[in-house]
Amino acid sequence: MKSVLEVEAPLLELEKKIEELKKVNQSGKVDLSREIEALEHKAAQLKRSIYENLTPWEKVLLARHPERPSTLDYIQAMFTDFMELHGDRAYADDAAIVGGFARLEGRPILVVGHQKGKDTRENLARNFGMANPEGFRKAGRLMKLAARYGLPIVTFIDTPGAYPGIEAEERGQYEAIATNIALMTSLPVPIVVTVIGEGGSGGALAIGVGDRVLMLEHSIYSVISPEGCASILWRDASKAQEAARALKLTAQDLLRMRVVDAVIGEPLGGVHRAPEQIYRKLSAALQDHIESLSELPKAELLERRYQKYRAMGEFIEAVPASR
Amino acid sequence: MSGFFDRLRAQRPKTLAAPVKRADAAELPDNLWVKCNQCGTAVFRKVFEEQLRVCDRCDHHHKLTARERIEQLADAGSFLEWHASLMSGDPLHFGTEYVKKLEADQKRTGISDACIIGQAAMGGVPVALGVMDFHFRGGSMGSVVGDKVTRLMEEGLQRRLPVVMVTSSGGARMQEGIYSLMQMAKTSAARVRLEEAGVPYVVVLTDPTTAGVAASFAALGDVIVAEPKAIIGFSGARVIESTIRQKLPEGFQTSEFYLEHGFIDRVVHRRDLKTTLSRLLGFMSVTPASA
């Protein structure tokens, strides 16, 4: 098990020790079952105290954990009959975004998500989940297709951000994002978005405008990366930890700010420790949301979506004195 | 001799607010002259204003304040401001450093946040006009800018007025975190309603228009015009450079670059902007509500 958190180190040490003792115990020569039990109890306590008290920066690291399940993992685990569809019909097929038809407990849906790689080779092929304009345009094309046939749309967000490249700009990166955002505000089908890892700003929102937005417990969603924020505000990228705290980018923060509708609890240590648990939980949540959204007449679905985003933000407004 | 200069100074136009520390043109000490930010040519201040703050040597379009832009585009005395009282709070509790920056910008610019909206006449035609101001926190969009842009569009929808939006922004206001990001969705949703109702929406991209503003309402105009050599785009040049580790091409991310790549309808010199907008609106009449 790969560790990304310094704070996890003592736990992993302990777990290693427990495994060693278990091996010795199996040999039958010595009875270590009481010692093992005591250590397992200690490990459980340590685990809870670590993962229930993660700092925002630790959540950033966990959200970016290389062993965290990807969009394709979720698709393969939760849906059946997945048929991937490719291309933006204008330029290319962007491997950083995956999309296609699928069935959720028999119900046909359209699924779209950012796709990272499991290793360096795959990450290079997927551009680390950073989409070019053709990726967003593929997503937009597929979402229009879904609306044409009344399919609910399910999206998965996991991206460091839209790709910052020369060709990306040449092909209108800003236009591709804006067009998708606008499109999603007006599609007459239920849209349920889940942030499964990193929600990187505009590149995330480009497939992230939903009637319901869910976040996994240790995922993050931010207008700028903590590193980017630190270098702009304090000219010091190493102040990323403070920036992470200041940006209020955790799932819990976003729930409190009413930008996110629900947080899906992760197994202790993160989803990669017991992904089956999350697949079951998320599948049930998606079904619930899709079902309740599908009951709404289209006009009401769209009006509620408009008002949901209309209400986001906080500011001061002087109220004119009456009379 | 001194009398001549006294009289000249006395003639200085009083239409502007008290001397504003410019983001752009450097003012020479005696204040009669302005130095072009690009080529360094000194221009007599009054002439510079008459030239709409464009250098007549090198054509550099200096940044305008929102109020200057409104004065240039709206028929004299026709502008009526809407929702002027909106002000940014500190919803993420970023702290006193941020709040002090807001107060300093308010004092320095005389406006409450980075966007002014209202009704105006352009060549006699009533429009809903929104103008962003880079001098306020780099034109960054937080809840106030997002709500004002949205209200501009909602007013345009309700009153059936064509909407004209002049953009200038370095992107989202970081200190408002995810609220800033969500303004992209909010403003875009309002824009879509204009489209569905057949109400024209014209965007004027000015230097710079980038990131979260470019990737939302700025990119969604029925027609999009840009001032010459404005920096437009999604990612910042430095971020691109450090990602790809290559030198960026000449003219990258300028208005002309995007014209060439198919994303802008016209590049328009500032002296032609008002007439261009009038002509465009002349082609796009508001669909009558009953139709």
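Residues numbered from 1 in each chain as written. Chains lettered and ligands numbered in written order. Predicted model: local features only at pLDDT ≥ 70, side-chain atom pairs only at ≥ 80, totals over all residues.

**Some details on the overall build of chain B**
From N to C terminus, chain B includes 10 helices and 12 strands. Relative to its full complement of 291 residues, chain B shows a buried share of 46%. Across chain B, the fraction of contacts at a sequence separation of at least 24, relative to all contacts at a separation of at least 6, is 68%. (Helix = DSSP H or I, 4+ residues; strand = E, 2+ residues; numbered from the N terminus. Buried ≥ 20, exposed ≤ 12 C-beta atoms within 10 Å, placed from the backbone. Contact = placed C-beta atoms within 7 Å.)

**Some details on the interface of chain A and chain B**
Contacts between the two partners involve 44 residues from chain A and, on the opposite side, 47 residues from chain B. Those elements giving two or more residues to the side of chain A that touches chain B turn out to be helix H7 (166-170), helix H8 (173-186), helix H9 (201-205), strand E7 (220-222), helix H10 (226-233), helix H11 (240-247), helix H14 (298-310) and strand E9 (315-316) of chain A. Of the residues forming the side of chain A that touches chain B, the biggest block, nine residues, is contributed by H8(A). Here two bridges tie E9(A) to strand E5 (residues 87-88) of chain B, and the two strands are oriented antiparallel to one another. Along E5(B), the bridge assignment pairs Ile316(A) with Met87(B). (Pairing = 2+ DSSP bridges.)

**Observations regarding the environment of Val154(A)**
Residues and elements named next belong to chain A. Locating Val 154 in the fold gives a position in strand E4 (residues 153-159). In this structure the C-alpha to C-alpha distance between Val 154 and Pro 190, which are 36 residues apart in sequence, comes to 8.4 Å. Discounting chain neighbours no more than four positions away, the residues touching Val 154 are Ile 109, Val 111, Val 192 and Leu 286.

**Looking at the domain arrangement of chain B**
Residues and elements named next belong to chain B. Each assigned domain of chain B is listed here: domain 1 (1-62) and domain 2 (63-283). Between domain 1 and domain 2, the residue contacts involve 11 residues of the former and 14 residues of the latter. Residue composition of the side of domain 1 that touches domain 2, by class: five nonpolar, two polar and four charged. (Domains from an automatic or database assignment. Nonpolar A, V, L, I, M, F, W, Y, C, P; charged D, E, K, R; others polar.)

**A word on the pairing of strand E6 (residues 115-122) of chain B**
Residue and element names in this part refer to chain B. Two elements, strand E4 (residues 80-82) and E6, share three bridges in a ladder whose sense is antiparallel. Residue pairing in the sheet places Glu 81 in a bridge with Gly 118 of E6. In this structure, E6 lies alongside strand E7 (residues 125-132), joined through eight bridges in antiparallel fashion. By the bridge assignment, Gly 118 is partnered in E7 with Leu 129. Between E6 and E7, which pair antiparallel one after the other, the connecting turn spans two residues, and Gly 123 there sits at a positive phi close to 60°.

**A word on the domain arrangement of chain A**
Accessible area lost upon the coming together of the parts serves often as the stated size of an interface. Segmentation of chain A into domains returns domain 1 (6-53) and domain 2 (60-310). Each of domain 1 of chain A and domain 2 of chain A has a C-alpha centre, and the two are 36 Å apart.

**Comments concerning helix H13 (residues 275-294) of chain A**
All names here are of chain A. Given a rise of 1.5 Å per residue, 20 residues ought to cover 28 Å, and the 28 Å separating the end C-alpha atoms of H13 matches this to within 8%. Buried within H13 we find Ile 278, Leu 282, Leu 286, His 289 and Ile 290. One face of H13 carries all of its buried residues, which in axial projection span an arc of 95°. Of the residues in H13, the exposed ones pointing more than 90 degrees away from the buried face are Glu 276, Arg 280, Glu 291 and Ser 292. Taken together, the buried residues of H13 touch helix H4 (71-78), strand E2 (97-104), E4, strand E5 (191-200), strand E6 (212-216) and strand E8 (262-264). (Expected span 1.5 Å × (residues − 1). Arc of directions from axis to C-beta.)

**A word on the nonpolar core**
Of all hydrophobic cores here, the largest spans 146 residues; its most connected members are Met143(A), Ile153(A), Ile177(A), Ile181(A) and Val163(B). Take this core: its biggest share by element is nine residues, from helix H6 (residues 177-197) of chain B. Excluding anything up to four places from it in sequence, Val163(B) contacts Ala128(B), Leu152(B), Met153(B), Gly156(B), Leu194(B), Val199(B) and Tyr201(B). One finds Val34(B), Val43(B), Phe48(B) and Cys55(B) within the second-largest nonpolar core, a separate group that totals six residues. (Core = buried A, V, L, I, M, F, W, Y, C linked by C-beta atoms within 7 Å.)

**As for helix H5 (residues 143-159) of chain B**
Residues and elements named next belong to chain B. With 17 residues, H5 should reach 24 Å at 1.5 Å per residue; the first-to-last C-alpha distance of 24 Å fits that figure. Within the span of H5, buried status applies to Ser 143, Val 144, Val 145, Gly 146, Asp 147, Lys 148, Val 149, Thr 150, Leu 152, Met 153 and Gly 156. Immediately downstream of H5, the backbone of Arg 160 shows phi near 55°, a positive value.

**Focus: the packing of H10(A) against H11(A)**
All names here are of chain A. Look at H10 against H11: their axes get within 8 Å of each other, and the N-to-C directions meet at 105°. For the element pair H10 / H11, the angle class is roughly perpendicular. Two secondary-structure elements touch here, H10 through Pro 226, Glu 227, Cys 229 and Ala 230 and H11 through Ala 240, Glu 242, Ala 243, Ala 244 and Leu 247. (Axes fitted to C-alpha atoms, helices over the stretch in contact; angles between N-to-C directions. Parallel < 35°, antiparallel > 145°, perpendicular 65-115°, else oblique.)

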